[in-house]
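These are the residues of each chain, in order.
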Amino acid sequence: MSKKAPSIPRPSASVLLVSPNNQVLLLQRVKQSSSFPSAHVFPGGNVSTFHDGEPAAPDSPERHVDSEVYRMAAVRETFEESGILLARNNGFGRLLEVSDSEREEGRKLVHGNKVPFTTWLSQKGGRADLDGLIPFTRWVTPTNVPKRFTTQMYLYFLPTLNSTPLSGAAAQEDDEAEIRIPTPTTDGGLEHTNARFLPASAWLRLAQEGRIILFPPQFFLLHQVAQHFDNLPSPTAYGSISRESLPREELEVRRKRLEEFVRTGTPPWTEKCISPTVTPPRDGKRREDGRVVLGLNRPGPELEAAKLGRKGVAEECVLVEFKKDGPRRLAVISREEAIGGGSKL
């Protein structure tokens, strides 16, 4: 009997949306969702040919590469799911501002495919801020999962709005200090029940305490963000984050640090492609704590077959226990700790 071929990954996009005070937006999916039920996720979703354009063919390596199509999907889905519009005013280039009633009407029209997203934006005098998106890894669902995705992740920084004006050279570009960023709201329960900004470390702590569900990609990327935003005494000391508000210039310094990190590495984090694979310890024994090790170094069968040299993250792994209600007891550890058989971690 021939082995059933894995499903073709659907093109999708997702955004780590950073608030003016360097917190990250997560949405809680409804229990009835066919993907990630009840989990907290970044805003995002499938590419729509009606709104975003035509993605590359399933057998093309370009299907797994950042493009305008993926960026448009990221901006549109963020708008549909949270009401936050990552778009620029055609006249001044500032972030586009619309009234609350226009925003809610637009979300319904775009979600219902009543009007193309780009058309709605142009009617409001704006355009999607595609250049503001910074690629931050691509994730390809493993072949053992029935519903697979090839998801381009992005970072997007909303402007810092601290009352203290920036000094020096930064002041020359400080024309968005008074932009009103709307509070994120759900889509009325269609796909999500909660929308909230919190520090990356706070989300990670909530997941480790079992109070929310995070899947490995979200946990792993929030861990990377926390290293640069939250001034932790050690990489996994998520509970040690300071509650003090930071001056605007320090917020900007931390953003620059994260952006510089994303552009480093071999390959850089902007180009890393990750398909998580269960990786056994060297001794072949199961971990005593019931968790499995997810290796993050492989890009998935489609890209391995293309032999283009795409790679993921070699240095780190994710520990996770897969329960009926979703992933639990997640942790990011070094690959050496993970496959060395360290069952006490």
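Residues numbered from 1 in each chain as written. Predicted model: local features only at pLDDT ≥ 70, side-chain atom pairs only at ≥ 80, totals over all residues. Heavy atoms only, no water.

Under an unreviewed UniProt entry, the protein chain has the name Nudix hydrolase domain-containing protein and belongs to Meristemomyces frigidus.

Student: Whenever I open this one, the pairing of strand S8 (residues 149-157) confuses me. Can you help?
Tutor: Regular strands have side chains that alternate between both faces of the sheet. Burial runs high along S8: nine of the nine residues are buried. Residues Phe149, Thr151, Met153, Leu155 and Phe157 of S8 are buried on one face, and the alternating residues Thr150, Gln152, Tyr154 and Tyr156, pointing to the opposite face, are buried as well. Pairing analysis gives nine bridges linking strand S1 (residues 10-18) to S8, with the strands arranged parallel. Counted as the bridge partner of Ala13 is Gln152 from S8. In this sheet, S8 lies alongside strand S7 (residues 134-140) in antiparallel orientation, the contact comprising five bridges. Pairing of Val140 across the sheet is with Thr150, part of S8. (Buried < 20%, exposed > 50% of the residue type's maximum accessible area, 1.4 Å probe, protein only. Helix = DSSP H or I, 4+ residues; strand = E, 2+ residues; numbered from the N terminus. Pairing = 2+ DSSP bridges.)

Student: Is there a simple way to explain the sheet that holds strand S13 (residues 316-323) in this structure?
Tutor: Two pairing modes exist for strands in a sheet, parallel and antiparallel, and in both the strands are linked by backbone hydrogen bonds. If you walk across this open sheet you meet the four strands as S11-S12-S13-S14, and the pairing is antiparallel. Two strands in the sheet have a free side with no partner beyond their single neighbour: strand S11 (277-278) and strand S14 (326-334). The pairing of S13 with S14 spans seven bridges and is antiparallel. For Cys317, the partnering residue across the bridge sits in S14 and is Ile333.

Student: Quick question: what am I supposed to make of the pairing of strand S12 (residues 292-295) here?
Tutor: Both S11 and S12 contribute to a ladder of two bridges, which runs antiparallel. If you follow Val278 over to S12, its bridge partner there is Leu294. Examined bridge by bridge, S12 and S13 share four bridges and lie antiparallel to one another. In the sheet register, Val292 faces S13, and the bridge partner there is Val320.

Student: Hey, could you run me through the packing of aromatic side chains in this one?
Tutor: Each aromatic ring pair is described using two quantities: the centre-to-centre distance and the angle formed by the ring planes. Tallying each qualifying case throughout the model produces seven aromatic pairs. Linked through ring pairs, Phe136, Trp139, Phe220, Phe261 and Trp269 together constitute an aromatic cluster. The ring of Tyr70 has Arg138 lying over it, and the distance from NZ or CZ to the ring centre is 4.3 Å. The ring of Trp269 carries Lys272 above its face, with NZ or CZ at 5.2 Å from the centroid. (Phe/Tyr/Trp six-rings, centres within 6.5 Å; stacked < 30°, edge-to-face > 60°. Lys NZ or Arg CZ within 6 Å of the ring centre and 35° of its normal.)

Student: Can you help me understand the side chain of Gln23 in this one?
Tutor: Considering the arrangement of structural elements, one finds Gln23 in the loop between S1 and strand S2 (24-29). Among the residues examined, Gln23 registers a relative accessible area of 19% and is labelled buried. For Gln23, the contacting residues outside a window of four places in its chain are Leu17, Val18, Phe197, Leu198 and Pro199. (Contact = heavy atoms within 4.5 Å.)

Student: Please explain the pattern of salt bridges as it appears in this structure.
Tutor: Side chains carrying opposite charge are able to pair once their charged atoms draw close together. Under the definition given, this model contains 18 salt bridges. The salt bridge involving Asp289 is made with Arg287; its shortest N-O contact spans 2.9 Å. Arg287 matches Asp289 in its accessibility class, with the two residues each being buried. Connected through shared salt-bridge partners, Asp52, Arg76, Glu77 and Glu80 make up one network. (Salt bridge = Lys/Arg side-chain N within 4 Å of Asp/Glu carboxyl O.)

Student: What exactly am I supposed to notice about the packing of helix H5 (residues 200-208) against helix H6 (residues 216-229) here?
Tutor: The interhelical angle for the contact between H5 and H6, taken along N-to-C directions, is 140°, at an axis separation of 8 Å. The angle between H5 and H6 falls in the class oblique. As H5 packs across H6, the resulting crossing turns out to be left-handed. Residues Ala200, Ser201, Trp203, Leu204, Ala207 and Gln208 of H5 touch H6, and the partners they reach there are Phe219, Leu222, His223, Val225 and Ala226. Looking at the contact of H5 with H6, its residues break down into eight nonpolar, three polar and no charged. (Axes fitted to C-alpha atoms, helices over the stretch in contact; angles between N-to-C directions. Parallel < 35°, antiparallel > 145°, perpendicular 65-115°, else oblique. Left-handed = near helix turned anticlockwise from the far one by under 90°. Nonpolar A, V, L, I, M, F, W, Y, C, P; charged D, E, K, R; others polar.)

Student: Can you help me understand the packing of H6 against helix H7 (residues 248-262) in this one?
Tutor: For any two helices packed against each other, one specifies the inter-axial angle together with the distance between the axes. Interaxial distance between H6 and H7 falls to 8 Å at its minimum, and their mutual angle equals 135°. Compared by their axis directions, H6 and H7 come out oblique. The handedness of the crossing between H6 and H7 is right-handed. Where H6 abuts H7, its residues Gln224, Val225, His228 and Phe229 lie against Arg254, Arg255, Arg257, Leu258 and Phe261. In the contact of H6 with H7, the residues fall into four nonpolar, two polar and three charged.

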